[in-house]
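Here is how the chains run, residue by residue.
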Amino acid sequence: LAEDTEVRKNAPAEAPINSVRPTLMGNILVDMSKSNDPELATKKVIDALKLIEKFPKYHGFVQKWLSGISSGMRSGVNLESGNYVISDVVVLKQSIEWIASTIYHDSIHPWQYKTGGDGPYKGDRDMETPANLRQIEFLKAVGAPLRYIKHIEATIAKGNHSDLNGDGIYDWKDWELRNYE
């Protein structure tokens, strides 16, 4: 308690106060406090989770395999913890349907990794196409615009969703190049 008081006394007067608090949606902790617009980001993620909630098949799956959704510079999911980091490029610029589909898509990867669903986990290249196909199924179920489905189909056809530097290996170098919309 004394340490907390000391930290508060020494905090700069101009330090911004973040009014957005982490929110629990079922089993998923939503913390968009690092977004450039935390209020809008939180609202859009919660709205996306509410959309998913309308479809029990997807809602139960997402609730089981994701533990949290937070903001970050690049989108991606931690396979061990199930925390999905979503970038401002996605959350601030895209529709609720698209955000919901990315949440569902990234909930698939911890399932693949932990259960061997879609075969033994061999890395991103082998796991993206099945996740993308399921994302298309989700987009159709929620009545998303056809352009979203066409985008995912083009991604599948291209075959290098995550190998962004084209070296045939999905690694941290590729992750650092991510700027998905």
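Computed from a prediction, not measured in an experiment: that's the story for all the values here. (Residues numbered from 1 in each chain as written. Predicted model: local features only at pLDDT ≥ 70, side-chain atom pairs only at ≥ 80, totals over all residues. Heavy atoms only, no water.)

Draft legend 1. Representation of the side chain of serine 71. Turning to its location among the elements, serine 71 is positioned in strand S3 (residues 68–72). Classification of serine 71 by relative accessible area gives buried; the value is 7%. A distance of 3.5 Å separates a polar side-chain atom of serine 71 from the backbone oxygen of methionine 32. Each residue touching serine 71, except ones within four places of it in the same chain, is listed here: Asp31, Met32, Ser33, Lys34, Ser35, Val85 and Ile86. (Helix = DSSP H or I, 4+ residues; strand = E, 2+ residues; numbered from the N terminus. Buried < 20%, exposed > 50% of the residue type's maximum accessible area, 1.4 Å probe, protein only. Polar contact = N/O pair within 3.5 Å; in protein donor to acceptor, adjacent residues only side chain to side chain. Contact = heavy atoms within 4.5 Å.)

Draft legend 2. The pairing of S3, seen in detail. Where burial is concerned, most of S3 is hidden: 4 out of the 5 residues are buried. When S3 meets strand S5 (residues 83–87), the two strands line up parallel, connected through 5 bridges. Paired with isoleucine 69 across the strands is tyrosine 84, a residue of S5. (Pairing = 2+ DSSP bridges.)

Draft legend 3. Spotlight on the nonpolar core. Of all hydrophobic cores here, the largest spans 38 residues; its most connected members are Met32, Leu49, Ile52, Val62, Ile69, Ile86 and Ile103. Excluding its chain neighbours within four sequence positions, the residues that come into contact with leucine 49 are Met25, Ile28, Val30, Val62, Ile69 and Ile103. (Core = buried A, V, L, I, M, F, W, Y, C linked by side-chain atoms within 4.5 Å.)

Draft legend 4. Main features of the packing of aromatic side chains. Enumeration according to the criterion identifies 7 aromatic pairs in this entry. Summarising the aromatic geometry, the rings of phenylalanine 61 and tryptophan 65 are spaced 6.5 Å apart at their centres and angled 45° between planes, so their arrangement reads as tilted. Here phenylalanine 61 pairs with tryptophan 65, and both are found in helix H3 (residues 56–65), just 4 residues apart, close to one helical turn. Per residue, the accessibility class of phenylalanine 61 equals that of tryptophan 65, and both read buried. With 5.9 Å between their ring centres and 65° between their planes, phenylalanine 61 and tyrosine 104 make a pair best called edge-to-face. Here the residue phenylalanine 61 occupies a position in helix H3, and tyrosine 104 occupies one in helix H5 (residues 96–115), the gap between them amounting to 43 residues. (Phe/Tyr/Trp six-rings, centres within 6.5 Å; stacked < 30°, edge-to-face > 60°.)

Draft legend 5. Summary view of helix H2 (residues 38–53). Taking 1.5 Å per residue, 16 residues should reach 22 Å; H2 reaches 22 Å between its end C-alpha atoms and fits that length. Regarding H2, the residues found buried are Pro38, Ala41, Thr42, Lys44, Val45, Ile46, Ala48, Leu49, Leu51 and Ile52. (Expected span 1.5 Å × (residues − 1).)

Draft legend 6. Representation of the sheet that holds S3. Pairing is mixed in the open sheet, where 5 strands are placed in the order S1-S2-S3-S5-S4. Whereas interior strands pair on both sides, the edge strands pair on one side only; in this sheet they are strand S1 (23–25) and strand S4 (76–77). Across the sheet, H2 is in contact with S1, strand S2 (28–31) and S3; its angle to S1 comes to roughly 10°. (Axes fitted to C-alpha atoms, helices over the stretch in contact; angles between N-to-C directions.)

Draft legend 7. Molecular detail of the confidence of the model for the chain. The predicted model of the chain averages 82 in pLDDT, with 76% of residues at 70 or higher. Under a pLDDT of 50 for its full length, residues 1–18 has, in the predicted model, 2 contacts with residues more than four places off or in other chains. (pLDDT = per-residue confidence, 0-100.)

Draft legend 8. Expanded view of the pattern of salt bridges. Counted according to the given criterion, the structure contains 2 salt bridges. In this structure, lysine 43 and aspartate 47 form a salt bridge, with 2.6 Å as the shortest nitrogen-oxygen distance. Of this pair, lysine 43 and aspartate 47 are both found in helix H2, 4 residues apart, which corresponds to roughly one turn of the helix. The salt bridge involving glutamate 137 is made with lysine 57; its shortest N-O contact spans 2.7 Å. Taken together, the residues glutamate 137 in helix H6 (residues 124–141) and lysine 57 in helix H3 connect sequence positions 80 residues apart. Residue class for glutamate 137 comes out partly exposed when judged on its relative accessible area of 33%. Note on lysine 57: relative accessible area 57%, which makes it exposed. (Salt bridge = Lys/Arg side-chain N within 4 Å of Asp/Glu carboxyl O.)

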